[in-house]
Amino acid sequence: MLIYLIDGNNLYHAINSVCDAKEPRLALVDYLKSTRLTGSRTNEVVIVFDGYDNSLLTTENEYRIIYSKSREADDVIEEEIQKLKHKRQVVVVSDDHRVIDFAKSEGATVKRIKKFLKPITTKSQIKKNDEDQNLADDKKDSITKELEKIWVK
């Protein structure tokens, strides 16, 4: 399991559709869910935003949302890294040099925003991936039965 620590404001400013949204923080969470950029659902995702709580995200249960309040989000991200025991499982997503340097010094992996966003390059690829997933879901039962015939005797 990986733990993604995401510099929320840093990331949403890099995505035009998110940055231009009426509620960019909410749009970022929706974007991350739809694109699956953090991989498996078993991975933990922590998004740190500058500023104060946005009531639209307080009930978010799939991701942990942290607001820096009167502090800098960078300070909060550094504290979160320090709290974790297995730093090699931590992936920090940011372009902030201070955060990058700190994360590396603690043994965490760093993904710059551009590299983090790279797996999703076009809407047609996203749509194709979704269609592939739906096909697999449709055939799931028959595949399971076929495999049972082969492996369960």
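S.K.: Would you mind going over the side chain of Thr-38 in detail, with residue names and values included?
M.R.: Among the structural elements, Thr-38 can be located in the loop between α3 (24–35) and β2 (44–49). Among the residues examined, Thr-38 registers a relative accessible area of 4% and is labelled buried. With residues near it in sequence (within four places) discarded, Thr-38 still touches Tyr-4, Ile-6, Asn-43, Val-45, Tyr-63 and Phe-116.

S.K.: Could you give an account of the packing of aromatic side chains, with specific residues and numbers?
M.R.: This structure, assessed with the given rule, holds two aromatic pairs. Aromatic pair Tyr-4 and Phe-116: ring centres 6.2 Å apart, planes at 55°, arrangement tilted. Within this pair, whereas Tyr-4 is found in strand β1 (residues 3–7), its partner Phe-116 is found in helix α6 (residues 113–117), the two being separated by 112 residues in sequence. Ring geometry for Phe-49 against Tyr-67: centres 6.0 Å apart, planes inclined by 25°, an arrangement best described as stacked. Of this pair, Phe-49 sits in strand β2 while Tyr-67 is found in strand β3 (residues 64–67), placing the two residues 18 residues apart along the sequence. With relative accessibility at 0%, the residue Phe-49 sits in the buried group. A relative accessible area of 12% means that Tyr-67 is categorised as buried.

S.K.: Quick rundown of the confidence of the model for the protein chain? Include the residues and the values.
M.R.: Summary statistics for the protein chain give a mean pLDDT of 84 and a share of 80% for residues scoring 70 or more. Scored below 50 in pLDDT, residues 122–127 shows two contacts in the model against residues more than four places distant or in partner chains.

S.K.: Tell me about the sheet that holds strand β5 (residues 109–111), and please be specific about residues and values.
M.R.: With parallel pairing, the five strands of this open sheet are ordered in space as β3-β2-β1-β4-β5. A single partner strand is all that each edge strand has here, and the edge strands are β3 and β5. Each neighbouring strand pair of the sheet contributes to a mean axis angle of 20°, computed without reference to strand direction. Here strand β4 (residues 90–93) runs beside β5; their pairing, made up of three bridges, is parallel. Its bridge partner lying in β5, Val-91 is registered against Thr-109.

S.K.: Please provide a residue-by-residue account of the nonpolar core, values included.
M.R.: Membership of the largest hydrophobic core comes to 23 residues, with the highest contact counts inside it found for Ile-6, Leu-11, Leu-28, Leu-32, Ile-47, Phe-116 and Leu-117. When residues of this core are traced back to their parent elements, those giving at least two are β1, α1 (8–12), α3, β2, β3, β4 and α6. The contact partners of Leu-32, leaving out residues within four places of it in the chain, are Ile-6, Leu-11, Leu-37, Ile-47, Tyr-63 and Phe-116. Counting 14 residues, the second-largest nonpolar core is a separate cluster that includes Val-76, Ile-81, Val-90 and Val-99.

S.K.: Tell me about unusual backbone geometry, residues and numbers included.
M.R.: For Arg-36, which is not a glycine, the phi torsion comes out positive at approximately 55°. Along the chain, the position of Arg-36 falls in the loop between α3 and β2. Of note in this structure, Lys-69 is not a glycine but carries a positive phi near 60°. Checked against the element boundaries, Lys-69 lands in the loop between β3 and α4 (73–83).

S.K.: Could you give an account of the environment of Thr-109, naming the residues involved and the relevant values?
M.R.: Along the chain, Thr-109 falls in strand β5. Sequence spacing of Thr-109 and Arg-88 is 21 residues, and the spatial spacing of their C-alpha atoms is 6.7 Å. Dropping the residues within four chain positions of it, Thr-109 is found in contact with Arg-88, Val-90, Val-91 and Val-92.

What counts and what doesn't
All residue numbers here refer to positions counted from 1 along the written sequence of the relevant chain. Thresholds applied to this predicted model are a pLDDT of at least 70 for local features of residues and 80 or more for the giving and counting of side-chain atom pairs; totals over whole chains, interfaces and linings are not thresholded and use all residues. Values shown for side chains rest on all heavy atoms present in the structure; no hydrogens or waters enter the calculation. In this description a helix means any DSSP run of H or I spanning at least four residues, a strand means any run of E spanning at least two, and both kinds are numbered starting from the N terminus. Exposure classes here rest on a 1.4 Å probe applied to the protein chains alone. A residue is buried below 20% of its type maximum, exposed above 50%, and partly exposed in between. It only takes one pair of heavy atoms within 4.5 Å for two residues to be counted as in contact. Stacked, tilted and edge-to-face pairs are distinguished by plane angle, under 30 degrees for stacked and over 60 for edge-to-face with tilted covering the rest, among Phe, Tyr and Trp rings (Trp via its six-membered ring) whose centres lie within 6.5 Å. The predictor attaches a confidence to each residue, called pLDDT, with possible values from 0 through 100. A strand pair is defined by DSSP finding two or more bridges across the two strands. Only the stretch in contact is used when fitting a helix axis, every axis being a line fitted to C-alpha atoms; angles between N-to-C directions are given from 0 to 180 degrees. Definition used in this section: a nonpolar core is a set of buried Ala, Val, Leu, Ile, Met, Phe, Trp, Tyr and Cys residues joined via side-chain atoms within 4.5 Å.

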